[in-house]
Amino acid sequence: MPNIRMVWFDIGRVLYDHLADELIEDLAKQSNPALKPYEVYRKIRESKLVVEFDLGHIGTEEFGEKMQKLLGLADRQWFLARWKRILAPNQLMWRLTSSLGRNFYPMGIISNIGELHIEYLEKIISCGAIMQFRPRIYSCREGIDKPSPEIFRIALEKANSEYPWDEELMPDECVFIDDRPENIETARALGWHAVPHNPAFGTNTFLKLSELGLRI
């Protein structure tokens, strides 16, 4: 049985539901000339603006300006406010974090995310509960995104600086929860334990963690 000393979470589609379909529908309604939802999705994907934003290559205002132009939106501030609300807390996963916290497991975050959502998560939604995760490794602040191995190395290095471990935290003492197969594969290749999370079957994540010996 592995000796798991720290649990790491992704944000979108793990700790928070990712309400992308609703967002795309709303953007389509506001577009000019009018776009169909699939056209909005294609334009956003092909533009790679989200990747640039999540890597910190462009800031919030530039992101909003370019998305406004891309989709023909009348109100940039409406767009930024609506973009933030793509995330909503996943109550099942937050119950998991509460259980892990009661059992004294340190928890961290490794997420591909832009500054707009960081502000939303840390200052507005969930009453600041995201602050219990230390460290929080955000792609836009590191300039690296998953599945790059380097972001996992940074996470481990910061965890070892953050906590007064009696012994240095090692990769095989970490478990990472993510919904993307490529991120799971990278974590495992680096010696981490990793649990693939399916938002439609969240209880399976509980089961996999229990099989790794975690007290939940």
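Below, the structure is looked at part by part. Keep in mind that what you see is a predicted model, and the values were worked out from it rather than measured. (Residues numbered from 1 in each chain as written. Predicted model: local features only at pLDDT ≥ 70, side-chain atom pairs only at ≥ 80, totals over all residues. Heavy atoms only, no water.)

### With respect to the side chain of Ser 31
Put simply, the rule is: Strands here are runs of E lasting at least two residues and helices are runs of H or I lasting at least four, both read from the DSSP assignment and numbered beginning at the N terminus. For the purposes of these results, a polar contact is taken to be a pair of N or O atoms within 3.5 Å, where, inside protein, one atom must be able to donate a hydrogen and its partner to accept one; residues adjacent in sequence count only when each atom of the pair is a side-chain atom. In this description, contact between two residues means that some pair of their heavy atoms is separated by no more than 4.5 Å.
Along the polypeptide, Ser 31 turns up in the loop between α1 (20-30) and α2 (37-47). A distance of 2.7 Å separates a polar side-chain atom of Ser 31 from the backbone oxygen of Ala 28. Discounting residues that sit within four places of it in the chain, Ser 31 has contacts with Leu 71, Gly 72 and Leu 73.

### Topic: the packing of α1 against α2
Where we set the bar: For helices, the fitted line uses only the C-alpha atoms of the stretch in contact; every axis is such a line through C-alpha atoms, and the angle between N-to-C directions lies from 0 to 180 degrees. Here is the rule for angles: anything less than 35 degrees is roughly parallel, anything more than 145 is roughly antiparallel, 65 through 115 is roughly perpendicular, and the remaining ranges are oblique. Residues are grouped as follows: Ala, Val, Leu, Ile, Met, Phe, Trp, Tyr, Cys and Pro are nonpolar; Asp, Glu, Lys and Arg are charged; every other residue, Gly included, is polar.
The interhelical angle for the contact between α1 and α2, taken along N-to-C directions, is 100°, at an axis separation of 8 Å. Judged by the inter-axis angle, α1 sits roughly perpendicular to α2. Residues Ile 24, Glu 25, Leu 27 and Ala 28 of α1 pack against Pro 37, Val 40, Tyr 41 and Ile 44 of α2. Counted by class, the contact of α1 with α2 contains 7 nonpolar, no polar and 1 charged residues.

### Quick word on the packing of aromatic side chains
Which entries qualify depends on this criterion: Here the aromatic set is Phe, Tyr and Trp, taking the six-membered ring for Trp, and pairing holds for ring centres within 6.5 Å; pairs whose planes are under 30 degrees apart are stacked, those over 60 apart are edge-to-face, and all others are tilted. Under the scheme applied here, a residue whose accessible area is under 20% of the maximum for its type counts as buried, over 50% as exposed, and between as partly exposed, the area being computed with a 1.4 Å probe on protein chains only.
This model, assessed by the stated rule, comprises 11 aromatic pairs. Ring plane angle 0° and centroid distance 4.2 Å describe the contact between Phe 53 and Phe 63, whose orientation is recorded as stacked. Of this pair, Phe 53 sits in helix α3 (residues 49-54) while Phe 63 is found in helix α4 (residues 60-71), placing the two residues 10 residues apart along the sequence. We note that Phe 53, like Phe 63, is buried. Feature note: the residues Trp 8, Phe 152, Phe 176 and Trp 192 constitute an aromatic cluster, connected by ring pairs.

### Points about the layout of surface pockets
Note the threshold: Any residue with an atom within 4 Å of a point lines the site, the site being either a cavity, points on a 1 Å grid over the protein atoms alone where a 1.4 Å probe fits but cannot get out, or a pocket, an open set with protein on both sides within 12 Å along at least 5 of 7 lines. Grid points are joined across faces, edges and corners, and a volume is the space filled by probe spheres set on the points.
The space that makes up the largest pocket amounts to roughly 1,100 Å³. As for the largest pocket, its lining consists of 35 residues, and the residues nearest its centre are His 18, Val 50, Asp 54, Asn 112 and Arg 180. Contributing elements (two or more residues each) for the lining of the largest pocket: α1, α2, α3 and α10 (181-189). Element by element, the count of residues in the lining of the largest pocket is highest for α1, at 5 residues. Counted by class, the lining of the largest pocket contains 15 nonpolar, 7 polar and 13 charged residues.

Shape descriptors only; they carry no functional weight alone.
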